[in-house]
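# Close look at the chain arrangement
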Amino acid sequence: MGSTNYAGTLIQVAEDCPVEVAERPPISDRTPSVVALQYALITEHPYEMTSDDVLFEAYATRQSIPVEKRSQARAAFFAKDQACLRSSPLGKRYGWGIHHDADNRVALVPFGSDAYQALAADPAVKQLKAMRSKRA
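Residues numbered from 1 in each chain as written. Predicted model: local features only at pLDDT ≥ 70, side-chain atom pairs only at ≥ 80, totals over all residues. Heavy atoms only, no water.

### Looking at the pairing of strand E1 (residues 9–12)
In the case of a regular strand, side chains alternate between the two sheet surfaces. Burial along E1 is two-sided: Thr-9 and Ile-11 facing one way and Leu-10 and Gln-12 facing the other are all buried. Two strands pair when backbone bridges link them, and E1 and strand E2 (residues 96–100) are joined in this way by 3 bridges, in the antiparallel orientation. Each residue of the ladder has a partner; that of Thr-9, found in E2, is His-100. Relative to strand E4 (residues 126–129), E1 runs parallel, the two sharing 4 bridges. Residue Thr-9 lies in a different strand from E4, and its bridge partner there is Lys-126. (Buried < 20%, exposed > 50% of the residue type's maximum accessible area, 1.4 Å probe, protein only. Helix = DSSP H or I, 4+ residues; strand = E, 2+ residues; numbered from the N terminus. Pairing = 2+ DSSP bridges.)

### Quick notes on the sheet that holds E4
Pairing is mixed across the open sheet formed by 4 strands, whose spatial order is E3-E2-E1-E4. Where the open sheet ends on each side, the last strands, each with one partner, are strand E3 (106–110) and E4. Here the strands of the sheet are splayed against their neighbours by 25° on average, with no regard to which way each runs. (Axes fitted to C-alpha atoms, helices over the stretch in contact; angles between N-to-C directions.)

### Focus: the packing of aromatic side chains
Across all of its chains, the model carries 6 aromatic pairs by this definition. For the pair Phe-56 and Tyr-59, a centre-to-centre distance of 6.2 Å together with 45° between the ring planes defines the contact as tilted. Placement of both Phe-56 and Tyr-59 in helix H2 (residues 51–62) is noted, with a separation of 3 residues, approximately one turn of the helix. Assessed through its relative accessible area of 34%, Tyr-59 is described here as partly exposed. (Phe/Tyr/Trp six-rings, centres within 6.5 Å; stacked < 30°, edge-to-face > 60°.)

See the structure below:
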């Protein structure tokens with residue numbers, strides 16, 4: 001089973017992110033978008049869930065997978081390679097840094113905030129960029 005987890009890492013906002021201040025992803029009246037689910041999961045449970053947890057829970061919610069079948073569905077989900085949170089619109093479009101603590105758990109950090117600046121300047125924190133939306 002592959003993993004998308006990082007430890008002691010900040011996924012910084014993408015270089016071509018169109019916002020200068022972090023924005024909440026829009027919420028639809030219909031099925032919530034993947035990014036809206038990711039945002040809700042991480043903001044409601046900061047440093048409680050891993051990247052794998054967030055990605056799978058967003059998928060399972062959108063697919064309406066019953067709780068009793070999620071263990072088997074999770075194994076099937078991660079049997080294939082999955083894109084990590086570097087590809088999430090949270091860092092590509094909405095201006096959120098994603099901090100992974102030493103135990104792989106994640107929290108959102110708004111671009112430009114004191115917390116974001118401190119994590120970005122910390123030599124003990126591995127720095128990665130969210131993937132660009134457009135080719136260079």
